[in-house]
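Examining the three-dimensional arrangement
Okay, here's what each chain looks like letter by letter:
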Amino acid sequence: MLCDRCGDREATIHDVSIVKGEVRETHLCERCAEELQAGQAKNATLGEWLAGLGMMVADAPKFPAPPKPGRAPACPTCGMRFLDLRKTGLVGCQDCYETFETRLTPLLRKAHDGGARHTGKHPALTSKREVIRVNDAAEPAAREHDSERTPETVEERIEALTHQLALAIEAENYERAAQIRDELADLTGDGGLGGFGASGNEPGGSGA
Amino acid sequence: MNGGGEQAGMPWDATRIPELCVRRAEWLRGEGEASDVVMSSRVRLARNLDGVKFMPRAERGERDRVLGLCKAAILDSELSPRMLWVDLHTTGKAERQLLVERQLISRPHARGKLSTGSGGTEEPRGVAVGLPEEQFAIMVNEEDHLRIQAMRSGLCLGEAWQHADAIDDELDKRLGYAFSERFGYLTACPTNLGTGARFSVMLHLPALKMTGEIEKVRHAAEDMGLVVRGFYGEGSEAFGDFFQLSNQVTLGKSEAELLGVMQRDIVPKVVEYERRARDVLLANRRRMTEDQVYRAVAMLQSARLLTVEEAMNGLSRARLGLQVGLVHGIDPEAIAWLILRIQTAHLELMHPDAADPGARNAARADLVRSTITGSTGS
Ligand SMILES: [Zn+2]
Ligand SMILES: [Zn+2]
């Protein structure tokens, strides 16, 4: 028997569960089972998971999303449900990516030729941010992003600068490349920790 | 990015849009690297404000606030000696259409509709355009809060990127973007996630069309993960042998990689392919090629009624004739400029009597006839 998810490898993991009197069978290869488990949401069963991924479209009606709270959580910030997301192809807010991260990952890999992690430009490279907020009372979710967007370590800063340097050279912007090189030299020369943390009015943006 | 000695004037508003009709757009200048095949280069960045719901879920009040904030940030940034700012929800249809024709806004943005079909012309949204060259445009409240675009003539993605990148830094400093370490710039559509960057070129491929090899190119491009579209983007016909080529992947590759692949690998290959097809046409099918080119020129010089499609196809073949030396005495820039001026809203706003299609076809033919006056034949 082939794996339900990839349809490629032999299924070695067989899961049978009974939900509302209905027998639910899932057959997976080791790799798919592992991938699914790794990303499984807290309370969702494997079946819902597969339905959510759209991998078993034909079988989807067998696994109706139960209306129990907490089972197929909507985005806490914008109320988007994964089904809406799949139907429209658009997320409702930045937190949707975190809310639906595990479900989105395989879709993202497909859309981006295997790409799953950002390796490009980084907004924290823009020094001295003076951010105006649309919602003065920013939600906690938004604050988390603030702390997340600031590279915490010199290593990350160096990595980001190295990217930016490659980009500047690529674009033949040698003036900028020189500036970045100087900054890199400063960072690798001395500690440089203070320099980065000191530049910001960032909420929670202390250097190390 | 301040204007330096240059005094930044008051921004133009929507009432000045008709004045654009008589201006040439940078991206159709017809100059620059490989401009015999590459009409223009364009870089687009999708960005959203941190801590604000995205367009599909933002309520009216939030959209209004986003629009106000972005407008202020853009106009305060002195990105250009003069800016045009248009509140699209209070602007007429012909004016909005003119911005579409100049590729300053997308068609969905003109209509105020998201890809989901929600929204309408009253949705609060706008666009800022850098004048006088129209080398950049910033859409506010399209699918994302911000869509930054920079355009250049010919194959010039590096410079277009630098420009978009600089505008991006300037606006980020003032507005603050939604960003995550893992997913990069967070966008309304997951297919734009990561860099949020599209690098695209507008190609003129008449010879590949005539030899029938265009389908091979299209498939090869799609296999390489690129998107091929018509002149006016998604869903539009490839009128006049013009095609847009852009990257599909935005996550997992850096801007430098995306840019490098387009600028140095893919586009030069397509350019080489088109040039070879032109040589082959002249060497092996000269009579047929001459016939197509001279018929096109004769139509442009003689027709009394022209549809957009006829005019675009005619201009495309005339341009081919110029590039391969079959046609002389016609200003190549005039052809490039006509591509813009024959479009519906351009005619409508220039000729108030050309409101219905019949009158427009007449006005279009008159305009083309009076512009294409050169001799033909070698
Ligand atoms: Zn499998
Ligand atoms: Zn959300």
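Keep in mind the model is a prediction, meaning the values are calculated, not measured. (Residues numbered from 1 in each chain as written. Chains lettered and ligands numbered in written order. Predicted model: local features only at pLDDT ≥ 70, side-chain atom pairs only at ≥ 80, totals over all residues. Heavy atoms only, no water.)

It is worth spelling out the interface of chain B and chain A at this point. Between chain B and chain A, the contact holds 58 residues from the first and 54 residues from the second. The junction of chain B with chain A conceals about 4,900 Å² of combined surface from both sides, 54% of it contributed by carbon and sulfur atoms. When the area that chain B buries against chain A is broken down by residue, the three leading residues are R57(B), E181(B) and R182(B), summing to 15%. For the pair chain B and chain A, the interface holds five salt bridges. (Contact = heavy atoms within 4.5 Å. Buried area = accessible area lost by both parts, 1.4 Å probe. Salt bridge = Lys/Arg side-chain N within 4 Å of Asp/Glu carboxyl O.)

Working note: non-glycine residues mostly have negative phi, and peptide bonds are mostly trans. Residue and element names in this part refer to chain B. Residue P132 is bonded to the preceding L131 through a cis peptide linkage, with omega at 5°. Here P132 shows up in the loop between β3 (126–131) and β4 (136–140). Positive phi outside glycine occurs at A34, with the angle close to 55°. Mapped onto the secondary structure, A34 falls in the segment before β1 (38–47). In this structure, E134 takes a positive phi of about 55° despite not being glycine. You can see E134 is positioned in the loop between β3 and β4. (Helix = DSSP H or I, 4+ residues; strand = E, 2+ residues; numbered from the N terminus.)

This part takes up the packing of aromatic side chains. Under the criterion given, the structure shown has five aromatic pairs over all chains. Ring geometry for F82(A) and F100(A): centres 5.6 Å apart, planes at 50°, overall tilted. Of this pair, F82(A) sits in helix α3 (residues 82–88) while F100(A) is found in the loop between α4 (96–99) and α5 (101–111), placing the two residues 18 residues apart along the sequence. Among the residues examined, F100(A) registers a relative accessible area of 3% and is labelled buried. Look at Y177(B) and Y185(B): their rings are 6.1 Å apart centre to centre, the planes differ by 75°, and that puts the pair in the edge-to-face class. Each member of the pair, Y177(B) as well as Y185(B), carries the same accessibility label: buried. Every member of this aromatic cluster is reached through a ring pair, and the members are Y177(B), F179(B) and Y185(B). Positioned over the ring face of W337(B) is R24(B), at 4.3 Å from the centre of the ring. Across the ring face of Y185(B), the terminal group of R47(B) is positioned such that the distance to the ring centre comes to 3.4 Å. (Phe/Tyr/Trp six-rings, centres within 6.5 Å; stacked < 30°, edge-to-face > 60°. Buried < 20%, exposed > 50% of the residue type's maximum accessible area, 1.4 Å probe, protein only. Lys NZ or Arg CZ within 6 Å of the ring centre and 35° of its normal.)

Residues and elements named next belong to chain B. As far as domains go, chain B holds domain 1 (14–201) and domain 2 (285–376). Between the C-alpha centres of domain 1 and domain 2 there is a distance of 30 Å. Of the residues lining the interface, 17 residues belong to domain 1; the matching set on domain 2 comes to 15 residues. Of the roughly 1,600 Å² buried between domain 1 and domain 2 on both sides combined, carbon and sulfur atoms contribute 66%. Scanning the region where domain 1 abuts domain 2 turns up one salt bridge. Ionic pairing is found between R24 and E333, a salt bridge with its closest N-O pair at 2.9 Å. Broken down by element, the residue count for the side of domain 1 that touches domain 2 peaks at five residues, all from helix α2 (residues 93–101). Class assignment of the residues belonging to the side of domain 1 that touches domain 2 gives a composition of eight nonpolar, two polar and seven charged. (Domains from an automatic or database assignment. Nonpolar A, V, L, I, M, F, W, Y, C, P; charged D, E, K, R; others polar.)

Turning our eyes to something else, we now look at the pairing of strand β8 (residues 197–204) of chain B. All names here are of chain B. The buried count for β8 comes to eight of eight residues, which makes it a mostly enclosed element. Going residue by residue along β8, you find A197, F199, V201 and L203 tucked away on one face and R198, S200, M202 and H204 tucked away on the opposite face as well. Across five bridges, the pairing between β8 and strand β10 (residues 242–247) is antiparallel. Pairing of S200 across the sheet is with S246, part of β10. (Pairing = 2+ DSSP bridges.)

All names here are of chain B. The terminal C-alpha atoms of helix α1 (residues 60–76), which comprises 17 residues, lie 24 Å apart, in line with the 24 Å expected from a rise of 1.5 Å per residue. Turning to α1, its buried residues number three or more, namely E62, R63, V66, L67, L69, C70, A73 and I74. Contacts from the buried residues of α1 go to β2 (82–87), β3, β4, β5 (146–153) and α4 (157–175). Looking at the residues trailing α1, positive phi occurs at E78, about 50°. (Expected span 1.5 Å × (residues − 1).)

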